[in-house]
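This is what each chain is made of:
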Amino acid sequence: MIRNQRFLSSAILAASCSLATACAVTMPPQISSSTGAAPSAQSVHLLKPDKDQVQLLALHSALKQSLAAKGITVAEDADVVAELALSQRAASLGVFASEAGENKEPPRPVTEPRKARLLDLCEAVTVVASLALFDRASGRPVQQSKAQGTICEGKEPPMDEFAEILVSELASN
């Protein structure tokens, strides 16, 4: 009887550890870069993605809700045009930058690769969402913000969290 209880306790502990480790892959979205000053406009024209771009449509919808929550309306005739983008790559891949030309300096890391952990139960992917604002009259960029997070491959990115953080960055700059 005691042996069965120990086995059951060990099995429960092992299962909970593996579940906790699987969650360790997930890193919530956070701002990775932001440039420019927030526009003073109270409305934006949020460009809508094509109907076959399902994830971008989900981000678009989440952005509309987050903008409304901050008191910013979405209007076709707004002075500010907002464009969104979404990308993902294996988290084990880093992004490096170097200067063009005959620069002898090694590339510098923009984002470090994520090292796989022993008990990862999935392949980690890095998801990057960006929101770029342009002045309608001049076409010049006004502000651009990027947020990134890590999720398990095949899972849906947390669009509401991405939208909230991008809109918060828009309102705070």
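Here the structure is shown first, and the text comes after it.
Residues numbered from 1 in each chain as written. Predicted model: local features only at pLDDT ≥ 70, side-chain atom pairs only at ≥ 80, totals over all residues. Heavy atoms only, no water.

**Let's talk about the state of the cysteines**
Link 1 in the chain: Applying the stated criterion across every chain yields a total of one disulfide.
Link 2 in the chain: Covalently, Cys122 is tied to Cys152 through a disulfide, its sulfur atoms 2.0 Å apart. Negative torsions about the S-S bond denote left-handed disulfides, and the value of about -65° found for Cys122 with Cys152 makes this one left-handed. In this pair, Cys122 is assigned in the loop between β6 (108–111) and β7 (124–135) and Cys152 in strand β8 (residues 141–152), connecting sequence segments 30 residues apart. (Disulfide = S-S within 2.5 Å. Helix = DSSP H or I, 4+ residues; strand = E, 2+ residues; numbered from the N terminus.)

**Concerning the environment of Val167**
Link 1 in the chain: Looking at the element boundaries, Val167 is found in helix α3 (residues 159–172).
Link 2 in the chain: Taking the relative accessible area as the measure of exposure, Val167 reaches 1% and is therefore buried.
Link 3 in the chain: Taking the C-alpha atoms as reference points, Val167 and Lys64, separated by 103 residues in sequence, lie 9.5 Å from one another.
Link 4 in the chain: Val167 has contacts with Leu63, Ser66, Leu67 and Lys70, leaving out every residue within four places of it along the chain. (Buried < 20%, exposed > 50% of the residue type's maximum accessible area, 1.4 Å probe, protein only. Contact = heavy atoms within 4.5 Å.)

**With respect to the sheet that holds strand β4 (residues 80–90)**
Link 1 in the chain: Here six strands make up an open sheet; going across it, the order is β1-β8-β7-β4-β2-β3 and the pairing mixed. In the strand order of this sheet, the two ends are held by β1 (27–36) and β3 (73–74), each with one partner.
Link 2 in the chain: Note that β4 and β7 share 11 bridges and pair antiparallel. Considered in β7, the bridge of Ala82 is made with Leu133.
Link 3 in the chain: Packing of helix α2 (residues 54–69) onto the sheet brings it into contact with β2 (43–46), β3, β4 and β7, and relative to β4 it is tilted by some 130°. (Pairing = 2+ DSSP bridges. Axes fitted to C-alpha atoms, helices over the stretch in contact; angles between N-to-C directions.)

**Regarding the nonpolar core**
Link 1 in the chain: Within the largest apolar cluster, 24 residues are counted, with the highest numbers of intra-cluster contacts made by Leu46, Leu59, Leu63, Leu67 and Leu131.
Link 2 in the chain: Counting only elements with at least two residues in this core, the list comes to β2, α2, β4, β7, β8 and α3.
Link 3 in the chain: No other element matches α3, which puts six residues into this core.
Link 4 in the chain: Leu131 has contacts with Leu46, Leu63, Ala82, Glu83, Gln143, Gln144, Ser145 and Leu166, leaving out every residue within four places of it along the chain. (Core = buried A, V, L, I, M, F, W, Y, C linked by side-chain atoms within 4.5 Å.)

**Remarks on the pairing of β7**
Link 1 in the chain: Most of β7 sits out of view: 10 of its 12 residues are buried.
Link 2 in the chain: By the bridge criterion, 11 bridges tie β7 to β8 in an arrangement that is antiparallel. Across the sheet, residue Val128 finds its bridge partner in β8, namely Gln148.
Link 3 in the chain: Counted between consecutive antiparallel strands, the loop separating β7 from β8 contains five residues, among which Gly139 sits at a positive phi close to 80°.

**Points about the pairing of β4**
Link 1 in the chain: Bridging between β2 and β4 involves three bridges; their strand directions are parallel. Within the sheet, the bridge partner assigned to Val44 lies in β4 and is Val80.

**A closer look at α2**
Link 1 in the chain: Across its 16 residues, α2 extends 23 Å between first and last C-alpha, which sits within 8% of the 22 Å expected from 1.5 Å per residue.
Link 2 in the chain: Among the residues of α2, those classed as buried are Leu56, Leu59, His60, Ala62, Leu63, Ser66 and Leu67.
Link 3 in the chain: Phi turns positive, to about 80°, at Gly71, one or two residues after α2. (Expected span 1.5 Å × (residues − 1).)

Structural measurements only, silent on function.
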